[in-house]
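Coordinate inspection notes
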Amino acid sequence: MQATIKWVDGMMFVGETGSGHAVVIDGPPDHGGRNVGMRPMEMILLGVGSCSSFDVMQILQKGRNNVTACVVEVTAERVDAIPSVFSKIHLHFIVSGHDLKTSAVERAVKLSAEKYCSASIMLSKAVEITHGFEVIEV
């Protein structure tokens with residue numbers, strides 16, 4: 001894998017991945033940015049949340065579960081020092097569907113957390129990462 005981050009202006013950058021996708025990264029005005037893109041640390045949360053979501057959905061789909069929606073809310077705490085690293089990250093999955101078994105969702109979340117999610121397993125070496133879930137019958 002590879003990525004390139006190019007400075008645009010002020011604190012704005014454009015990141016482009018080897019797959020050809022791009023994203024704008026920027027800072028808040030009080031740090032020289034114009035607030036037109038995500039912050040770098042927000043992108044880390046999106047990365048861990050989407051990585052785990054891929055796993056959870058693949059596991060549930062392989063199990064032929066009737067999922068109609070899957071949302072993961074990622075919350076984090078940062079230390080009050082420089083560098084302001086994450087001290088805790090929590091992923092809360094909200095999975096909706098027809099006749100979903102709680103045990104199937106629990107298993108998918110657990111497998112992602114402990115075996116498959118490269119991002120959360122890597123980050124867990126330095127950050128306390130927790131997972132939770134709820135199942136909504138539709």
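Structure report, in brief. Quick caveat, the model's predicted, so the values are computed rather than measured.

1. Some words on the overall build of the protein chain
When helices and strands are tallied, the protein chain shows three helices and six strands. Mapped in sequence order, the helices and strands of the protein chain form the string β-β-β-α-β-β-α-α-β. C-alpha atoms of the protein chain, sized along the principal axes, occupy 50 × 35 × 30 Å. Among the 138 residues that make up the protein chain, the fraction classed as buried is 29%. A separation of at least 24 residues holds for 51% of the contacts in the protein chain among residues at least 6 apart in sequence. In the protein chain, the 12 positive side-chain charges and the 15 negative ones have mean positions that sit 9 Å from each other.

2. Quick look at the side chain of Ser52
Relative to the helices and strands, Ser52 resides in helix α1 (residues 40-62). Within the local environment of Ser52, its side chain forms a polar contact with the side chain of Ser112, the two groups lying 2.8 Å apart. Beyond its immediate chain neighbours, meaning those up to four positions away, Ser52 contacts Leu91, Phe93, Ser112, Cys117 and His131.

3. Quick look at the environment of Ile44
With respect to the helices and strands, Ile44 occurs in helix α1. Assessed through its relative accessible area of 34%, Ile44 is described here as partly exposed. When sequence neighbours within four positions are dropped, the list of residues in contact with Ile44 reads Phe86 and Leu123.

4. What about the side chain of Ser53?
Inspection of the secondary structure puts Ser53 in helix α1. Beyond its immediate stretch of four places on either side in the chain, Ser53 contacts Val72 and Phe93.

5. Examining the packing of α1 against helix α2 (residues 102-116)
In contact at an axis separation of 9 Å, α1 and α2 are set at 135° when each is read in the N-to-C sense. On the basis of their axis angle, the class for α1 and α2 is oblique. For the element pair α1 and α2, the recorded crossing hand is right-handed. Contact residues: α1 offers Ser52, Asp55, Val56, Ile59 and Leu60, while α2 offers Ala104, Val105, Arg107, Ala108, Val109, Leu111, Ser112 and Tyr116. When the residues that make up the contact of α1 with α2 are grouped by side-chain class, the tally is nine nonpolar, two polar and two charged.

6. Regarding α2
End to end, α2 covers 20 Å across 15 residues, agreeing with the expected 21 Å (1.5 Å per residue, within 8%). Those residues of α2 lying buried are Ala104, Val105, Ala108, Val109 and Ser112. As for α2, its buried residues are in contact with α1, β5 (86-98), α3 (118-123) and β6 (128-137).

Here is what the cut-offs are and how they apply
- Residues numbered from 1 in each chain as written.
- Predicted model: local features only at pLDDT ≥ 70, side-chain atom pairs only at ≥ 80, totals over all residues.
- Heavy atoms only, no water.
- Helix = DSSP H or I, 4+ residues; strand = E, 2+ residues; numbered from the N terminus.
- Buried < 20%, exposed > 50% of the residue type's maximum accessible area, 1.4 Å probe, protein only.
- Contact = heavy atoms within 4.5 Å.
- Lys, Arg positive; Asp, Glu negative; His and termini not counted.
- Charge placed at Lys NZ, Arg CZ, Asp CG, Glu CD.
- Polar contact = N/O pair within 3.5 Å; in protein donor to acceptor, adjacent residues only side chain to side chain.
- Axes fitted to C-alpha atoms, helices over the stretch in contact; angles between N-to-C directions.
- Parallel < 35°, antiparallel > 145°, perpendicular 65-115°, else oblique.
- Left-handed = near helix turned anticlockwise from the far one by under 90°.
- Nonpolar A, V, L, I, M, F, W, Y, C, P; charged D, E, K, R; others polar.
- Expected span 1.5 Å × (residues − 1).

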